[in-house]
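# Architecture and fold: a report
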Amino acid sequence: MNKKMNIAIDGPAGAGKSTVAKLVAEQLSFLYIDTGAMYRALTYAALRDEIELNDGPSLFKLLSQIDISLKHEKSGVRVFLNEEDVTDVIRTKEVTSNVSLVSSHELVRVEMVERQRKLAEGGHAVLDGRDIGTFVLPDAKLKVFLTASVEERARRRFEEQQAKGIDSDFEQLKLDIARRDELDSTREFAPLKMANDAIEIDSTTLSIPEVAELIIELAKERTT
Ligand code: CDP
Ligand code: CDP
């Protein structure tokens, strides 16, 4: 696929965005950009530096002092905060329960979006997040809004935790997911919302390869 084309994949937590985006990028030889990991890395840095998470200007100041990079290695995408590999620590419960607050600040989002647009400049990227189709790349050639029932999304997270040997409570996971969706959808600036020209895919009963295949077909259609 030589023509420039970015693919935006947005949707709520646990819909399968990052897993599917990675697979689509791999199959099309595109760059995968995990925008959620960037907000998570900032949240991790803010918690570590004990910055007040309601304070947008202080978070912005911190962000302007740090470099967040996504390095594509054989083992997968690694997330770096300056020189530190934060790939695993940005997935803790503490980061997950605070990331929506950190990412609700307009000052933070404007800076992140600028960085994300630079990363996607080459025109062969798959970005997953909440506001890619509506705000980061309003001209993306293909926009997908990936959903699944909250029950199924909680089940997926539960299984993921079990596989990692982490004890978790299904009902609590469901509540946490619903709370994060609510915060992400109701924030004032660039909320989670389906773009008017996005295609909605409900993955509740679909496997990962099935969703990836659908998106690749759509991408191919758009280039011919
Ligand atoms: O993978 P998961 O659905 O748990 O979340 P994520 O994609 O890692 O994103 C973590 C959080 O970052 C989201 O709940 C949003 O609050 C925020 N986020 C955002 O505001 N905008 C984006 N483009 C991506 C993530
Ligand atoms: O990025 P997002 O939060 O939207 O979801 P994810 O982290 O890609 O996927 C959450 C979990 O659901 C992962 O463990 C995936 O393997 C799994 N999944 C699935 O079982 N079936 C799908 N169709 C998509 C994802």
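Residues numbered from 1 in each chain as written. Chains lettered and ligands numbered in written order. Predicted model: local features only at pLDDT ≥ 70, side-chain atom pairs only at ≥ 80, totals over all residues. Heavy atoms only, no water.

Rules: UniProt positions are given in the numbering used here, feature names are shortened, and annotations may be inferred rather than shown by experiment.
The chain appears in an unreviewed UniProt entry as Cytidylate kinase from Halalkalibacter alkalisediminis. The chain has a UniProt comment under Sequence similarities (unreviewed entry) that states "Belongs to the cytidylate kinase family. Type 1 subfamily." Here the chain is described in UniProt, under the heading Subcellular location (unreviewed entry), as follows: "Cytoplasm".

### Some points on the overall build of the chain
Rules: Put simply, DSSP H or I for four residues or longer makes a helix, DSSP E for two residues or longer makes a strand, and each gets a number counted from the N terminus. The classification of residues rests on relative accessible area computed with a 1.4 Å probe and restricted to protein chains. Under 20% of the type maximum is buried, over 50% is exposed, and intermediate values are partly exposed. Any two residues whose heavy atoms approach within 4.5 Å are treated as being in contact. Computed with the Shrake-Rupley method and a 1.4 Å probe, the accessible areas treat only the protein chains shown as cover for residues. When charges are counted, Lys and Arg contribute as positive and Asp and Glu as negative, whereas His and the chain ends are disregarded. Charge positions are represented by NZ for Lys, CZ for Arg, CG for Asp and CD for Glu.
Of the regular secondary structure elements, the chain holds 9 helices and 8 strands. Seen through its principal axes, the chain has C-alpha atoms that stretch 50 × 40 × 35 Å. The buried share among the 224 residues of the chain stands at 49%. In the chain, the proportion of contacts linking residues at least 24 apart, taken out of those at least 6 apart, comes to 73%. Accessible area of the chain: about 11,400 Å², with a carbon and sulfur share of 50%. In the chain, which carries 31 positive and 40 negative side-chain charges, the distance between the mean positions of the two groups comes to 3 Å.

### Examining the packing of helix H4 (residues 93-102) against helix H8 (residues 170-186)
The condition is simple: An axis is simply a line fitted to the C-alpha atoms; with a helix, the fit covers only the stretch in contact. Between two such axes, the angle follows the N-to-C directions and lies from 0 to 180 degrees. Any angle between 65 and 115 degrees counts as roughly perpendicular, while under 35 counts as roughly parallel, over 145 as roughly antiparallel, and the rest as oblique. Crossings are sorted by hand: turned counterclockwise from the far helix by less than a right angle, the near helix makes the crossing left-handed, and turned clockwise it makes it right-handed.
With their axes 9 Å apart at the nearest point, H4 and H8 run at an angle of 20° to one another. Judged on the interaxial angle alone, H8 and H4 are roughly parallel. For the crossing formed where H4 meets H8, the hand is left-handed. In this structure, H4 uses Thr96, Ser97, Val99 and Ser100 to contact H8, whose residues at the interface are Arg179, Arg180, Leu183 and Asp184.

### Quick notes on the packing of aromatic side chains
Stated formally: Side-chain rings of Phe, Tyr and Trp (the six-membered ring for Trp) are treated as a pair once their centres are within 6.5 Å; stacked means planes under 30 degrees apart, edge-to-face means over 60, and tilted covers the remaining angles. Consider the ring centre and the ring normal. A charge sits over the ring if Lys NZ or Arg CZ is within 6 Å of that centre and within 35 degrees of that normal.
All chains considered together, the criterion is met by 2 aromatic pairs. Pairing Phe135 with Phe189 gives two aromatic rings, centres 5.3 Å apart and planes at 80°, and the pair type is edge-to-face. With a gap of 54 residues between them, Phe135 in helix H6 (residues 132-136) and Phe189 in the loop between H8 and strand S8 (199-202) connect regions that are remote in the sequence. Of note, Lys71 hangs over the ring of Phe80, and the distance from its end group to the ring centre comes to 4.3 Å.

### Details of unusual backbone geometry
Backbone geometry places Ser29, a non-glycine residue, at a positive phi of 55°. The residue Ser29 is located in the loop between helix H1 (17-28) and strand S2 (31-34) in this model. Overall, Ser29 belongs to the exposed group, its relative accessible area being 64%. One non-glycine residue, Glu50, lies in positive phi territory at about 55°. One can find Glu50 in the loop between helix H2 (35-48) and helix H3 (56-65).

### As for the site of ligand 1
For clarity, the threshold we go by: When we say a residue is near a molecule or strand, we mean one of its heavy atoms is within 4 Å of it. Throughout this description, a polar contact denotes any pair of N or O atoms lying within 3.5 Å of each other; where both atoms belong to protein, one of them has to be capable of donating a hydrogen while the other can accept it, and for residues adjacent in sequence the pair is counted only when both atoms sit in side chains.
Near ligand 1 there are 19 residues, and of these Arg40, Arg109, Arg157, Arg180 and Asp184 occur at the shortest range. Measuring from an oxygen atom of ligand 1, one finds a side-chain N or O atom of Ser100 at 3.1 Å. Here a nitrogen atom of ligand 1 and a side-chain polar atom of Asp131 are 2.9 Å apart. Protein coverage of the free-state accessible area of ligand 1, which is 530 Å², stands at 97%. Top element by residues in the shell around ligand 1 is H2. It accounts for 4 residues.

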